[in-house]
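# Remarks on the overall topology
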Amino acid sequence: MKRLCPFLTWFPASRRALRSDFIAGVTVAMVLIPQSMAYAQLAGLPAYYGLYAAFLPVMIGALWGSSHQLATGPVAMVSLLTGSTLAQFAAPGTEQFIVLAIALALMVGLMELAIGVLRLGAIVNFMSHPVIVGFTNAAAIIIALSQLNKILGVSVGRSERFLLDIWGVFLQIGDTHMPTLLMGAVAFVIMVLLRKYRPRWPGVLIAVALTTLVSWAISFERNSSAGADQFQDATVSNVIENVAGLANRIEELNNEIAVKSADLKKQEKVHGKNHPRILAINYDIEILRLDINTIEREYRLRVRELRRFVLERTPDAPGQTPTFHLAELTPSGTSTDGYRWRISKVTKDRVLLSGGGEVVGTIPSGLPKIAWPRFDWNMLLTLLSSAFVITLVGFMEAISIAKAMAVRTKQRINPNQELIGQGLANIIGSMSQSFPVSGSFSRTAVNMSAGAVSGLSSVITSMIVLVTLLLFTPLLYHLPQAVLAAVIMLAVISLVDVKAMLHIWKAHRHDGVASIVTFVATLGFAPHLDSGILVGAGLAILLYLYRTMHPRVAILGRHPDGTLRDALLHDLRTSEHIIAIRFDGSLYFANVPYFEDAVLEQSAQNPKAKFILIVGDAINEIDGSGEEVIRHLARRLQEGGVTMVFSGLKRQVVQVMENTGLYALIGAQHFFRTEDGALDAIYQWIKDPAFDLKFCPLNLKPAQEQGQPDA
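This text gives an overview of the structure that appears in the document. Since we're looking at a predicted model, the values are computed, not measured.

Reading the values: rules and limits
Residues numbered from 1 in each chain as written. Predicted model: local features only at pLDDT ≥ 70, side-chain atom pairs only at ≥ 80, totals over all residues. Heavy atoms only, no water. Salt bridge = Lys/Arg side-chain N within 4 Å of Asp/Glu carboxyl O. Helix = DSSP H or I, 4+ residues; strand = E, 2+ residues; numbered from the N terminus. Expected span 1.5 Å × (residues − 1). Buried < 20%, exposed > 50% of the residue type's maximum accessible area, 1.4 Å probe, protein only. Contact = heavy atoms within 4.5 Å. Pairing = 2+ DSSP bridges. Axes fitted to C-alpha atoms, helices over the stretch in contact; angles between N-to-C directions. Right-handed = clockwise from strand over helix to strand, strands pointing away. Parallel < 35°, antiparallel > 145°, perpendicular 65-115°, else oblique. Left-handed = near helix turned anticlockwise from the far one by under 90°. Nonpolar A, V, L, I, M, F, W, Y, C, P; charged D, E, K, R; others polar. Patch = residues over 30% accessible without salt bridge, like charges linked within 9 Å, V, L, I, M, F, W, Y side chains within 5 Å. Areas by Shrake-Rupley, 256 points an atom, 1.4 Å probe, with all protein chains shown as cover.

### Points about the pattern of salt bridges
Counted by the stated rule, this structure contains 16 salt bridges. Taking the shortest distance from any N to any O, the salt bridge between Arg-289 and Glu-286 comes out at 3.4 Å. In this pair, Arg-289 and Glu-286 are both assigned in helix α12 (residues 276-308), three residues apart and thus about one turn of the helix distant. The partner of Arg-552 in a salt bridge is Asp-566, with the nearest N and O atoms 2.7 Å apart. Here Asp-566 lies in strand β9 (residues 564-566) and Arg-552 lies in strand β8 (residues 552-558), a separation of 14 residues in the sequence.

Below you can see the structure in the form of structure tokens.
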């Protein structure tokens, strides 16, 4: 039962442990509530979806995970991957985007659960440490830059080139909304000072509470609405008309698809699935979907264009309708209300505008709707690679945090059980309107420092989020978006670690190259972050294969200490009658040509040598290609009167040779446990009258007689 339900190991719990878990759970909740809302924004979702992701997934991850301190929930890296992935298919914040985010959580959860149940947790080893370091540094920079427009209070475009979008933000610095910048800066300063001087205080919660109170007191948010005829500039009016028309067309096409889908089900019951009429209806539906995709792309472009407009409004006057002008084209002498307005949304009959700072707005009170996620099979196939990347990144983040905490608690972490816990958290989360979640380093550290003894602390955290959803959501209405942006930026600053990349470069150039390429590719491909990490992982594997394709091949000589060592490195004499070669690598399809060339080259350079000793202590395995090459090499050398002798081969290598008959072909007498045993036998086999054992450079006894110290 404890294997199926790991949370049973929490009990029986002492009163002291229960008290510690309660305090830790409350402390983490104070950090989680504002953080989760910020990460929902990072994922491209309305802020309150962060509270949904902070409810059931937090509890489920703790109940079925193996770590007693790991805090599951929304995290920066996974949120960014979610937002960047889905932005290709739908406008952030729209209903379609939300549907895709929830479906993505289900996909990630099913993948994690399958990997955990099948005990394939080792699959994460394909994502090397250098690649993760490069990706993490780039992602942290992208996360921070993605919040810049919210700190400045300006619009940002969303295109296929993230860096160009950010450059567009920098070009708007002159349009910075100063109250928004001030609000974000104040929150940032509060959190930094509390982290430095009062680290045990919930700095994030305090900053959120104070700025929300100020936002309410000064009416930080300022909204308005207008009809399309109130905009005096033809450019603005045309874009508004285009956006409204495209939105109506998308709605019409969706209605057509709904009608045809209903007809399809009726026809399938009558004619079956292969009737020509069924195929025709399916064809019509696919055409309609392609049309929707095309129109949605155009719609997103027009919305981006609309949000770039900065407008000024003539003040309300009795009997007059206020009008809006582009700020740079407002007629001279025209009085305005003193605010700069931006279009936030276009509905069927009204245009919604914002003239103040952005706030979280209305958060639906009550629990999230429990329902099976809606999804389209074609879209799931499209999201498959992204879901796999999020699965790997999310699990690596969770397990690395859990292992780091286990070092301090001496708890044994089961990676496969942790995968099951994370998988169930995402699956159940998707049924309660959650986007993908993972383990959080910052909240796990808070949980640990607050004295958490078991996962019960996370259950308590989840219960506090539940109470917040039921009772306190109206208090979050005036929370400034700039404050959430400051929360995110402060959280990811610690992820930027240039020293780690320099350390990797010093350790091994190939790993350094993989880390740097991953860093550059992630920045370059943004917002397609999955492409960046896949490029890095692929390069790391290719560089590993390249290293194994050219392993170290040492021609051996007798060192004064009596051992056989690299003759070139230690300036040792070699024998013209015996070639001793050490191959430092496994023999497999990628490097056997290199092994063959090295042996044949030495044989050609030493025509008097009739014996080639292969010192195989470093050969850990051999595949079919390696066996075949050795077979052909042995025959070719035998035809030239040269005999291959092996020493120090491991049992698994010899077993392959025995199974294929290669062992018998070469001859059992040519296999030895040690190189000295092999050389003693070779000395007896040499028939060349010019060979004198006493003067052979490989002879052990003369080297011992010299008694020279190790060089």
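### Here we look at helix α17 (residues 481-493)
An α-helical turn contains 3.6 residues, so a residue and the one three or four places further along point in the same direction. In this model α17 runs 19 Å from its N-terminal to its C-terminal C-alpha over 13 residues, within 8% of the 18 Å that 1.5 Å per residue would give. Counting buried residues in α17 gives 11 out of 13 residues, a clear majority hidden from the surface. Listing the buried residues of α17 in full gives Gln-481, Ala-482, Val-483, Leu-484, Ala-485, Ala-486, Val-487, Ile-488, Met-489, Leu-490 and Val-492. Its buried side turned inward, α17 meets α1 (15-42), α4 (76-86), α6 (129-146), α7 (148-152), α9 (178-197) and α10 (203-217).

### What to know about the environment of Asp-229
Relative to the helices and strands, Asp-229 is located in the loop between β2 (223-226) and α11 (234-271). With relative accessibility at 67%, the residue Asp-229 sits in the exposed group. Between the alpha carbons of Asp-229 and Glu-312 there is a distance of 15 Å; along the sequence they are 83 residues apart.

### Digging into the sheet that holds strand β12 (residues 643-647)
Strand order in this open sheet of six strands is β9-β8-β10-β11-β12-β13, and the pairing throughout is mixed. Of all the strands in the sheet, the pair left with one neighbour each is β9 and β13 (671-672). Of the pairings in the sheet, the one linking strand β11 (residues 611-615) to β12 comprises five bridges and is parallel in character. Its bridge partner lying in β12, Leu-613 is registered against Val-645. Sheet contacts for helix α26 (residues 675-685): β8, β9, β10 (578-584), β11, β12 and β13; angle to β11, the most-contacted strand, approximately 175°.

### A short note on the pairing of β12
Among the five residues that make up β12, four are buried, leaving the element largely enclosed by the rest of the structure. Taken together, β11, helix α23 (residues 624-639) and β12 form a β-α-β motif whose crossover is right-handed. Strand direction decides the pairing type here: β12 and β13, joined by two bridges, are parallel. The residue of β13 that forms the bridge with Phe-646 is Phe-671.

### Some remarks on the packing of helix α3 (residues 56-64) against helix α14 (residues 415-431)
Interaxial distance between α3 and α14 falls to 8 Å at its minimum, and their mutual angle equals 155°. The angle between α3 and α14 falls in the class roughly antiparallel. Between α3 and α14 the crossing geometry is right-handed. Taking contact as the criterion, the partners of Leu-56, Pro-57, Ile-60, Gly-61 and Trp-64 in α3 are, on α14, Gln-417, Gly-421, Leu-424, Ala-425, Ile-428 and Gly-429. Residues of the contact of α3 with α14, tallied by class, amount to seven nonpolar, four polar and no charged.

### Some thoughts on helix α16 (residues 456-472)
The end-to-end C-alpha separation of α16 is 23 Å, in line with the 24 Å expected for 17 residues at 1.5 Å each. Taking burial as the measure, the 17 residues of α16 include 12 buried ones, the bulk of the element. Within the span of α16, buried status applies to Leu-456, Ser-457, Ser-458, Val-459, Ile-460, Thr-461, Ser-462, Ile-464, Val-465, Leu-466, Thr-468 and Leu-469. For α16, the secondary structure elements touched by its buried residues are α1, α2 (48-53), α3, β1 (71-73) and α15 (441-449).

### Notes on the sheet that holds strand β5 (residues 342-346)
Judged by pairing direction, the sheet is antiparallel, and its three strands sit side by side in the order β2-β6-β5 without closing on themselves. The sheet terminates laterally at β2 and β5, the two strands that pair on one side only. Taken pair by pair, the neighbouring strands of this sheet meet at an average axis angle of 30°, ignoring direction. Of the strands in this sheet, β5 and β6 (351-354) are in contact with α11, which crosses β5 at around 25°.

### Brief notes about a nonpolar patch on the surface
Taken together, Leu-367, Val-467, Leu-470, Leu-471, Phe-472 and Leu-475 make up a surface patch of nonpolar side chains, about 580 Å² in accessible area. Tracing the sequence through the fold places Leu-471 in helix α16. The exposed category is assigned to Leu-471, whose relative accessible area is 58%.

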